[in-house]
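Letter by letter, the chains look like this.
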Amino acid sequence: MLKGLTRAGIGDVGSIEEFVHAAAAYGFEAIAADGAELERWIQEKGLGGVRAILKEAKIQIATIGLPVQWRTTEQEFMSGLPSLVRYAEAASALGCTACCTYILPSTDHASAPFMAAATRRLRVCAQMLAPYGIRLGLEFVGPHHLRTRWKNPFIWGLQDTLDWIETIGERNVGLLFDSYHWYTNELDADAILQLDASNIVLVHINDAANLPVSEVLDNDRLFPGEGVIDLPGFLQALHRIGYRGVIAQEILTPEPLKQSSEQLLQRSQEAFRQVYRAAGLE
């Protein structure tokens, strides 16, 4: 399973090219990117130039974020579709095969019409991504405080998300599976062992403070191995079902971390070593 980074939790690592070099310097194999920055990078360096940089650094582009606003109005949704096509083209040209978005567990919209609109919109996005060989990853969000943050409940669990994916009905839709949301749903390794590796588009890894699960906040995450989540068990279960994709660190915090990006990257490198070693994967 490839060790990856998002920008969350590693400070200011600069441009996409600087991010690539920083990730490589600390032993990572993949990064998450923004479609717009990939598009600009290709415009600046040329497609061949960017491919050469990635090849030399031995870095993959793991995913781009979904640029379409599917949670609000139809007009906003439609206005984002041209960007989705452009960013998918850029990402695909660099070997990226994933585009991901998160699902908030509550909404101010009435749940039923929101579900109907969201299903249709995400189906459209998946259909537009498919010709580029890109899968759409949906991330359920588990922390309890967000389940009542807005007026009406929505989706926050694994099985409900799998059921929704089946309803969307496109073969290139799967899970963005995050250890934090696995933990805040109080799931165990058996829940992972019921999955097929093909269900999973991307994995996020992070850790949680030693608090009652109901009090764990979404934006108060720890580096892998610094908290109470059974990350060795999490990784072992993913490995057992045959997942060999990217495990990307995502550390959301209430305030920017005060360490330098170099210190945070070193902290990340050691965190991965610790949990991979504990899982028997290094």
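Residues numbered from 1 in each chain as written. Predicted model: local features only at pLDDT ≥ 70, side-chain atom pairs only at ≥ 80, totals over all residues. Heavy atoms only, no water.

**Q** Would you mind going over the overall build of the protein chain with me for this structure?
**A** Along the protein chain, the regular secondary structure elements total eleven helices and ten strands. For the protein chain, the C-alpha radius of gyration of 18 Å lies close to 19 Å, the compact-globule estimate for 282 residues. Projecting the C-alpha coordinates of the protein chain onto the three principal axes gives extents of approximately 50 × 45 × 35 Å. Every one of the 282 residues in the protein chain was classed for burial, and the buried ones make up 52%. Working note: accessible area of the protein chain is about 12500 Å², and carbon and sulfur atoms make up 49% of it. Between the mean site of the 24 positive side-chain charges and the mean site of the 34 negative ones, the protein chain shows a separation of 4 Å. (Helix = DSSP H or I, 4+ residues; strand = E, 2+ residues; numbered from the N terminus. Rg over C-alpha atoms; globule rule 2.2 N^0.38 Å. Buried < 20%, exposed > 50% of the residue type's maximum accessible area, 1.4 Å probe, protein only. Areas by Shrake-Rupley, 256 points an atom, 1.4 Å probe, with all protein chains shown as cover. Lys, Arg positive; Asp, Glu negative; His and termini not counted. Charge placed at Lys NZ, Arg CZ, Asp CG, Glu CD.)

**Q** Quick question: what am I supposed to make of the packing of aromatic side chains here?
**A** The relation between two aromatic rings is expressed through the spacing of the ring centres and the mutual angle of the planes. Applying the stated criterion across every chain yields a total of nine aromatic pairs. A ring pair is formed by Phe177 and Phe234, whose centres lie 5.8 Å apart and whose planes are at 20°; its orientation type is stacked. Taken together, the residues Phe177 in strand S8 (residues 173–178) and Phe234 in helix H10 (residues 231–240) connect sequence positions 57 residues apart. As far as burial versus exposure is concerned, Phe177 and Phe234 are alike and both buried. (Phe/Tyr/Trp six-rings, centres within 6.5 Å; stacked < 30°, edge-to-face > 60°.)

**Q** What am I meant to see in the pattern of salt bridges here?
**A** Once their charged atoms are close, side chains differing in charge can pair, the charge on each being opposite to the other. Going through the model one piece at a time under the given rule, you end up with ten salt bridges. A salt bridge links Lys45 to Glu17; the shortest N-O distance between them is 2.6 Å. Taken together, the residues span a long stretch of sequence, with Lys45 in helix H2 (residues 35–45) and Glu17 in helix H1 (residues 16–25) at a distance of 28 residues. Overall, the relative accessible area of 41% leaves Lys45 in the partly exposed class. Across the pair Arg86 and Glu39 runs a salt bridge, and its minimum N-O distance is 2.8 Å. Placement of Arg86 in helix H4 (residues 74–93) and of Glu39 in helix H2 is noted, with a sequence separation of 47 residues between them. Take Glu39: its relative accessible area is 17%, and that puts it in the buried class. Residues joined by salt bridges that share partners form a network here, namely Asp178, Asp218, Arg221 and Glu250. (Salt bridge = Lys/Arg side-chain N within 4 Å of Asp/Glu carboxyl O.)

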